[in-house]
Amino acid sequence: MIHHQYNPSYQFVKAPQDFNKYTDRSLLQYCLGATMYMPGTKDFAQAIIEKKYPGLTSMVMCFEDACKEEDVPAAEQNTLALLDQLNVWLNEGKLRYEDVPLIFFRVRSVEQFKHWSSMLKKEHIHLITGINFPKFNSYNGDEYYEHLEYLNEKFGEVIYGMPIIEDSKVAFKESRFVELIGIKMILDRHKDLVLNVRVGGTDFSSCFGVRRGINYTIYDIMTVRDCLMDILNVFTRNNDYTVSGPVWEYFRVNKNMKFKELQGFNLEDTLLKRKAIVNDAVDGLMRELVLDQANGFMGKTCIHPTHLNYINGMLAVTREEYEDAEQILNTSGGVVKSVNANKMNEIGPHKRWAEKISMRAKAYGVIENDACYLELFGH
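Because the structure is predicted, anything quoted here is derived from the model rather than measured.

Draft legend 1. Inspection of the pairing of strand β3 (residues 102-106) at higher detail. Most of β3 sits inside the fold, with 5 of its 5 residues counted as buried. Residues L102, F104 and R106 line one face of β3 and the alternating positions I103 and F105 line the opposite face, and both faces are buried. Bridge count for strand β2 (residues 58-62) against β3 is 5 bridges, and the pairing is parallel. Of the residues in β3, the one forming a bridge with C62 is R106. Looking at chain direction, β3 and strand β4 (residues 130-133) are connected through 3 bridges and run parallel. By the bridge assignment for β4, F105 is matched with I131. As for the winding sense of the linkage, the β-α-β connection from β3 through helix α4 (residues 110-117) to β4 is right-handed.

Draft legend 2. Expanded view of the side chain of R212. As for its placement among the helices and strands, R212 is situated in the loop between α8 (201-207) and α9 (222-235). In this structure the side chain of R212 is engaged in a polar contact, spanning 2.3 Å, whose partner is the backbone oxygen of V247. Apart from the residues lying within four places of it in its own chain, the contact partners of R212 are T217, I218, I221, P246, V247, W248, E249, Y250 and E288.

Draft legend 3. Here's a closer look at unusual backbone geometry. In this model, N238 sits at a positive phi of 60 degrees, which is unusual for a non-glycine residue. Tracing the backbone shows N238 in the loop between α9 and α10 (267-272). Positive phi, normally seen in glycine, also occurs at N239, with a value near 55 degrees. With respect to the helices, strands and loops of the structure, N239 is situated in the loop between α9 and α10.

Calculation rules
- Residues numbered from 1 in each chain as written.
- Predicted model: local features only at pLDDT ≥ 70, side-chain atom pairs only at ≥ 80, totals over all residues.
- Heavy atoms only, no water.
- Buried < 20%, exposed > 50% of the residue type's maximum accessible area, 1.4 Å probe, protein only.
- Helix = DSSP H or I, 4+ residues; strand = E, 2+ residues; numbered from the N terminus.
- Pairing = 2+ DSSP bridges.
- Right-handed = clockwise from strand over helix to strand, strands pointing away.
- Polar contact = N/O pair within 3.5 Å; in protein donor to acceptor, adjacent residues only side chain to side chain.
- Contact = heavy atoms within 4.5 Å.

By themselves these figures say nothing about function.
Spelled out as structure tokens, the structure:
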């Protein structure tokens, strides 16, 4: 896989790197970007071989919220059939391994995880990057990861876990910190198998009977913002874990939009001042992406293919950011004037920021400046 295949002719300052499930975890955790969720009942094999969504690099087949309970058995068989079909095409040379997105499965519970995984075959495992654990908490977390470790030992291959923090024990302040610390203790015990920490903005919103509108970001919903802030506080200190941003629920794309007409825009300034670029759904997504990155989220849960280009595109790094990061990482200490001579780079305090930028540059590439995002998104 490589990001931005929807715009193959784009000229990067520094091109993104290829990756797959065997890429070192230190980089792979930054490569997820837009992780698109779909029901486990969806027949998706043809879409993969046809490259229907060229921006798709990471996908989740869901047995939980996106799937009715009575449909779970059918979903289990469908996902196994997907893995079988992809293997047939790979063996026949009709599909290249590098064209298969990172595939994850969101299980419904520990019991369903054990049941479904008992049907997996050795030849399935190279196609499975990981398992998403819903409503992950300090009570079920160890059991999820213990079974995941069992599968890794059984098949002799890496399968990662992605806990989803989304239940009321984290939503409600009186139980939040004890619960978050309990979850982190579990993840620290299994750190080599934690690829990414995910958050459930919709589930948190439901705890308070609220929902962000199309002209608001998740950060405008104060009770939810409070939850997200504390999750970032616990899990992103010292760059311990990457945490992905919550899903954006709205989609409506003007397919006739020609971004090249808008290259004079300063993207971030325009979005934050609510000047229209595409439409309220896409602008709202991009506005929230700006704030996601400012607050330390890495990537975003995605529910619609029209979001892929924007989420992954906005993770590309500008030349100025990249040069600042390289300067910081290659200077022994002290304070230096930036390459552009417009800011100070303080080597110690800015080091962890620079490490993130360096990883993003490898995963998503380097573009010239902020105005180039619009061209990278494509038409």
